[in-house]
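# Architecture at a glance
Here is what each chain is made of, one letter per residue.
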Amino acid sequence: MAAQLVGPEEIESLRTELAELGRSIRSSFRSHASSFRSISSALSDHQTQEGEEIELQWAAVERLPTFRRITTALFEETDGACENGDASKGKKIVNVAKLGAQERHMFIEKLFKHIEHDNLRLLQKLRKRIDKVGVQLPAVEVRYRNLSVEAECKVVHGSPLPTLWNTAKGILSEFVNPPWSKQEAKISILKDVSGIIKPRRMTLLLGPPGCGKTTLLLALSGKLSHSLKVTGEISYNGYRLEEFVPQKTSAYISQFDMHIPEITVRETIDFSAQCQGIGSRADIMTEVSRREKQARIVPDPDVDAYMKAVSIEGLKSNLQTDYILKILGLDICADTMVGDAMRRGISGGQKKRLTTGEMIVGPTKALFMDEISNGLDSSTTFQIVSCLQHLVHITDATALISLLQPAPETFDLFDDVVLMAEGKIVYHGPRSNICKFFEDCGFRCPERKGVADFLQEVISRKDQAQYWCRTEQPYSYVSVDHFVMKFEECHLGQKLNQMLSKPFDKSESHKSSLSFSKYSLPKWELLKACTRREFLLMKRNSFVYVFKTTQLVIIAAITMTVLLRTRLAVDVLHANDYMGAIFYALLLLVVDGFPELQMTVSRLAIFYKQKELCFYPAWAYVIPATVLKVPLSFLEAIVWTSLTYYVIGFSPEAGRFFRQLLLLFVIHLTSVSMFRLIASICQTMVASTTIGSLFIVTSLMFGGFIIPKSSMPAWLDWGFWLSPLTYGEIGLCVNEFLAPRWQKIVSGNTTIGQQTLEIRGLNYHDYFYWISVGVLIGFTVLFNIGFILALTFLKPPGRSRAIISYDKYHQLQGKIDDSDRVDIYRRLNDGNPIPNTGAKKGRMVLPFEPLAITFQDLQYYVDTPLEMRKRGYAQKKLQLLSDITGTFRPGILTALMGVSGAGKTTLMDVLCGRKTGGNINGEIRIGGYPKEFVNEVLEIIELDGIKDSLVGLPGISGLSPDQRKRLTIAVEFVANPSIIFMDEPTTGLDARAAAILILLKIGGRIIYSGPLGQHSSRVIEYFENVPGVPKIKDNYNPATWILEVTSTSVETGLGVDFGRIYEQSSLYKNNQQDLFIMLGSMYIAVIFFGINNCSTVLPYVATERSVLYREKFAGMYSPWAYSFAQVLVEVPYLFIVAIIYVVIVYPMVGYSMSAYKIFWAFYAMFCTLLCFNYLGMLLVSLTPNIQIASILASSAYIMLILFSGFVVPKPVSFQIIKL
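Residues numbered from 1 in each chain as written. Predicted model: local features only at pLDDT ≥ 70, side-chain atom pairs only at ≥ 80, totals over all residues. Heavy atoms only, no water.

Looking at an unreviewed UniProt entry, one finds the protein chain named ABC transporter domain-containing protein, with Hevea brasiliensis as its source organism. In the Subcellular location (unreviewed entry) part of its UniProt record, the protein chain is described as follows: "Membrane". In its Sequence similarities (unreviewed entry) section, the UniProt record describing the protein chain reads: "Belongs to the ABC transporter superfamily. ABCG family. PDR (TC 3.A.1.205) subfamily." (UniProt positions renumbered as here; feature names shortened; annotations may be inferred.)

Have a look at this one:
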């Protein structure tokens, strides 16, 4: 058609143009090809040059001695100005032991662009390098055969709750009932289970809550409680658990996240890496390096740098930490504090990943992980399990991982599956065969059903029927025992038994597979690691120590105004004020150590966790905690002494000032050490504060001030010499009252100082000062040794012995026969109710008002953590929510999704109005209408079976994690919200019955006050000893004779003053002491009950406070109602305590027995108990945590003691400060 439209000329012209175009294109192609060849040649030359440079650098590394070669590597040299680290400048030779934080970060960022793929690539390169030189990696095969675990359960009559009445009744029955009449039930947790956990294979542990998964993991990792009875055999590579250290060979990762809240995520993993050591990494690296040198192999520089960096022992911060942070997705919160219920920190999912990272950072080859996916989204769980799969498959590790409901893609990552139910193993074999096994049993997994969910339900009586596939046969329930029998009969079960029957050949075990030493580091390195952490914790808690010192300054200022030197003279009268000032200073520094109880107890759970993991021994924990606190004790002593010594007016000699300073320093050290020992023995906050209060009161009573030594019964002398306060009192009193200014003679060649010391029973030589210092140092050493021994040998506080009621036990026995008995212990403690086969009652409909919630442009900011700012984050505020807009409508279940740490919990807290800190911007509109329906909610949430159980503490006692989650949901339900967001004695004095005579002369002056004696013998003897007084005649009336010989005329004739004679007599001094002791008994009672009540209420209120905040925000009740209930509930208990005190102490001390005085004594004690109890509640409500509350409580005790009128008499205190 084109030829018909144009002529021949046009065609020829077109041909010419096409030829020119062709020549142009060919020329262009030739020029481009030449350009490509030149570029390719340039690149080739550059690569050749770079390769030659690397070879030269590597040759330089190879020439180094072995000990330097394994720490020297070729490291990427980058431009620090580039944030992404892409500006490569080549390689440089570095010592990997001295890599800085920024260098480690840049190296990891370069290696990992896509975590899952890049981690696999790194591990493959690492394995290829090791295999290339023929080095074998250590591996562990774990076998267990006929393993059974039993627990003893005590059967009690009535309610099993440990109330005051039930506990008292139980203790009484222990003495009344003979041993053979006690009823105990043996509860089976694991029942004759067997299996093999192989290296290089990922094994999944599945089963419903309470089936024994945790017990199996604990048993295999060697961490099972010794209170349980274990039978059967567990071995690693043919070695029994007794033949090596399983805690170092394996790593058990708990489902409970216990971490120190004051340190960051990075610091937590760094410390774990230090304590776990490097295992066989250094030996493998040395051997690989040696063989590569012999074979002239040049390794990949990045792989070489990584392997060398993670093989260096004793580093404060290791590249392995950065690697773990990266693959677990914790690098974004690496410098954030872990936090706890009262301190902002990382999210729950991040804490779960931190628990995993804390253990896998070490060199252990066997991993036992207990429900590590709790709180994680499915994507994060898949990523973590995928990384673990790479680790297991490539590095020959062994892993048994318990997951509750894994997603299908996560389930497919596993090689083997262990399915448990009722303490028995239903299936143990390849994942690919498990569906076939159940299909052979008559149950088929639907096509779109997750296999993991199918496995959980097919063994459940309630859900099993829906999977029955043999339609030609009627369905009947297939029990767990039947599944177990079918598995043992199939080829997989028979193959497993055959493998177990053949013992493992120990000669095949790598020498580094098992750990035979308890600790990974030398003693000095362990001590350095613990010291660094303790110093870090002291810096993080610096506010506490600054607060204590500031508080001490304030108390010193008040004390100085009360006991001002211008109002005190050097005489017998004011000597008591100086004595009181000395006693008060001692008491202050003793009580100042009391907060150490709370600080020690709060860290015991972490200590016992790390001790069981063999991180460090007790002494490595105690020595830094003791030594680093010495400067603080010195600071407390120097602050008090320098402020009060000369203002109060003690002896002005400089030597005596420094001696008082030294003794106060030592008494503070002794006090802190004593309270640490008490905390380590008692282990719980309540028991520690109770015993600590008792020790304070006992020390006061036997210290020689309140009750002089001369007034104590001889059989109680041991108490005087065992009280640390005694030596402080002796040392300071001798230091003060043997000074030159107190050597004025008053009477009978007795100086003022000696007389003062004699009255108190403290008349010792001046060398007793140094004896007191030595004894107090001995006490300090002894208490710290006791601290070490207690932490070494005492077991951690764990679950109390299982208790069930007699009726419940027999009810269960009646419903379950012995042949197919379900684990009673687990059902009671994990809340798996007995299936109710009867007709179900109609369920209630939760009443609520349908409301919608809308939110627009929602933003949430918090202050940037200090550690992030130190690492270069410039912003003062950290944004956690950014422009969130949305709506939740009634009747529509809305799912909030996001990766762990994305801000899901933060968003729900903001929407619920539960954020007490930070800045919230944006608009939220919401409403609600509460009602009560507690019993129905208990039934709906399946908590009715455990409604009478105590909640307890996580990981220690009470409910399981599953029950706690359901309980949390139930608590929110009963508030009936329209919109629901779902994401813890005084001893009496001897009574006196002798008649007392008080004799006055004209002018109202006492000339005798004391006992009459039989037939007035004591008073007659007293006056007959006065020079010049005639003896009483026989059969003369003693009363008449006394009046005659003490008349004014006789007194004038003899030239004596009976009043002065009485005041200088020992009888007068004894009467003063008796009065002082009587007041002291009242003082001791008030101090003991007051300190004990206030101290013991602190942990209870602090534990309940976090629950109050949650329930208050849920709108369940008003804070006024909660506070009133807390105040009111204490009244009956304290009323009974006051009655018991009056009934026991009042008549034994010998107070007046009139009903009027008894009533007022009861009233005073009752009100005192109430005041101290409510003081403790007030302090907790005003402070951020229990440590600060405890410090404030100790200062409150000190101020109340100062102004109580006993240590400092009323006239002095009221002349200066009238409160």
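Once the structure has been displayed, the description carries forward.
Check the secondary structure of the protein chain and you find 46 helices and 20 strands. For the protein chain, the proportion of its 1219 residues judged to be buried stands at 49%. Entry remark: accessible area of the protein chain is about 59,300 Å², with carbon and sulfur atoms responsible for 58%. (Helix = DSSP H or I, 4+ residues; strand = E, 2+ residues; numbered from the N terminus. Buried < 20%, exposed > 50% of the residue type's maximum accessible area, 1.4 Å probe, protein only. Areas by Shrake-Rupley, 256 points an atom, 1.4 Å probe, with all protein chains shown as cover.)

Let's shift gears to the packing of helix H23 (residues 595-612) against helix H26 (residues 654-682). For the pair H23 and H26, the least separation of the axes is 9 Å and the interaxial angle reads 45°. It follows from the interaxial angle that H23 and H26 lie oblique. Crossing of H23 over H26 shows right-handed handedness. Between H23, through Glu596, Leu597, Thr600, Val601, Leu604 and Tyr608, and H26, the contact on the second element is made entirely by Val672, Phe675, Arg676, Ile678, Ala679 and Ser680. By residue class, the composition of the contact of H23 with H26 is 8 nonpolar, 2 polar and 2 charged. (Axes fitted to C-alpha atoms, helices over the stretch in contact; angles between N-to-C directions. Parallel < 35°, antiparallel > 145°, perpendicular 65-115°, else oblique. Left-handed = near helix turned anticlockwise from the far one by under 90°. Contact = heavy atoms within 4.5 Å. Nonpolar A, V, L, I, M, F, W, Y, C, P; charged D, E, K, R; others polar.)

Turning to the packing of helix H5 (residues 115-132) against helix H12 (residues 319-327), a few remarks are in order. Where H5 meets H12, the axes come as close as 10 Å, and the angle between the chain directions of the two elements is 140°. Taken as axis vectors, H5 and H12 run oblique relative to one another. Contacts between H5 and H12 involve Ile115, Asn119, Leu122 and Leu123 from the former and Tyr323, Lys326 and Ile327 from the latter. Here the residues of the contact of H5 with H12 are counted per class, giving 5 nonpolar, 1 polar and 1 charged.

Turning next to the nonpolar core. The biggest cluster of nonpolar side chains holds 116 residues, and the ones touching the most others in it are Phe438, Leu455 and Tyr616. Per-element accounting of this core gives the leading share, 6 residues, to helix H14 (residues 378-395). Here this core gathers at least three residues from each of two domains, domain 1 (202-263 + 365-508) and domain 2 (545-791). Those residues within four positions of tyrosine 616 in sequence are excluded, and the remaining contacts are Phe271, Cys275, Tyr519, Leu526, Cys530, Arg533, Phe607, Gln610, Lys611 and Tyr621. Counting 112 residues, the second-largest nonpolar core is a separate cluster that includes Tyr578, Ala679, Leu725 and Phe1166. (Core = buried A, V, L, I, M, F, W, Y, C linked by side-chain atoms within 4.5 Å. Domains from an automatic or database assignment.)

Moving on to helix H20 (residues 523-540). Compared with an ideal rise of 1.5 Å per residue, which puts 18 residues at 26 Å, H20 spans 26 Å between its outermost C-alpha atoms and is within 8% of the ideal. Listed as buried for H20 are Leu526, Leu527, Ala529, Cys530, Arg533, Glu534, Leu536, Leu537 and Met538. Elements that come into contact with the buried residues of H20 comprise helix H9 (265-276), helix H21 (542-562), H23, helix H24 (618-627) and helix H25 (630-648). (Expected span 1.5 Å × (residues − 1).)

A contiguous nonpolar surface patch, about 630 Å² in accessible area, is contributed by Phe1135, Ile1136, Ile1139, Ile1140, Val1143, Ile1144 and Met1148. Residue placement: valine 1143 occurs in helix H43 (residues 1119-1149). (Patch = residues over 30% accessible without salt bridge, like charges linked within 9 Å, V, L, I, M, F, W, Y side chains within 5 Å. Salt bridge = Lys/Arg side-chain N within 4 Å of Asp/Glu carboxyl O.)

All right, on to unusual backbone geometry then. Phi at aspartate 396 takes a positive value of approximately 60°, unusual for a residue other than glycine. For aspartate 396, the position within the fold is in the loop between H14 and strand S10 (398-402). On the basis of relative accessible area, aspartate 396 is assigned to the buried category, the value being 5%.

Quick look at the pairing of S10 now. S10 sits mainly inside the fold: 5 of its 5 residues count as buried. Residues Thr398, Leu400 and Ser402 point to one face of S10 and Ala399 and Ile401 to the other, with burial holding for every one of them. Looking at chain direction, strand S5 (residues 202-206) and S10 are connected through 4 bridges and run parallel. Of the residues in S10, the one forming a bridge with threonine 203 is leucine 400. (Pairing = 2+ DSSP bridges.)

Aromatic ring pairs are defined here through the distance separating the ring centres and the angle between the ring planes. This structure, assessed with the given rule, holds 49 aromatic pairs. Relative to phenylalanine 547, the ring of phenylalanine 543 lies with its centre 5.8 Å away and its plane at 35°, an arrangement referred to as tilted. Here phenylalanine 543 pairs with phenylalanine 547, and both are found in helix H21, just 4 residues apart, close to one helical turn. Residue phenylalanine 543 is classed as exposed on the basis of its relative accessible area, which comes to 51%. Members of the aromatic cluster, joined through ring pairs, are Tyr427, Phe437, Phe438, Phe443, Phe454, Tyr467, Trp468, Tyr475, Phe483 and Phe487. In this arrangement the basic side chain of arginine 461 is found over the ring face of tyrosine 477, its NZ or CZ atom lying 4.1 Å from the centre. (Phe/Tyr/Trp six-rings, centres within 6.5 Å; stacked < 30°, edge-to-face > 60°. Lys NZ or Arg CZ within 6 Å of the ring centre and 35° of its normal.)

In this section: the confidence of the model for the protein chain. Scored by pLDDT, the protein chain comes out at a mean of 78, with 76% of its residues at no less than 70. For the protein chain, helix H1 (residues 2-5) is the element with the lowest average pLDDT, namely 36, and helix H31 (residues 768-793) is the one with the highest, namely 94. Every residue in residues 1-15 scores below 50 in pLDDT, and together they form 1 contact with partners more than four places removed in sequence or on other chains. A low-confidence stretch, residues 80-88 (pLDDT under 50), is modelled with 12 contacts involving residues beyond four sequence positions or located in other chains. (pLDDT = per-residue confidence, 0-100.)

Glancing now at the sheet that holds strand S11 (residues 416-421). Reading across from one edge, S8-S9-S10-S5-S11-S12 is the order of the 6 strands in this open sheet, with mixed pairing throughout. Each end of this open sheet is capped by a strand with a single partner; those strands are strand S8 (250-253) and strand S12 (424-430). Ignoring strand direction, the axes of neighbouring strands in this sheet form an average angle of 15°.

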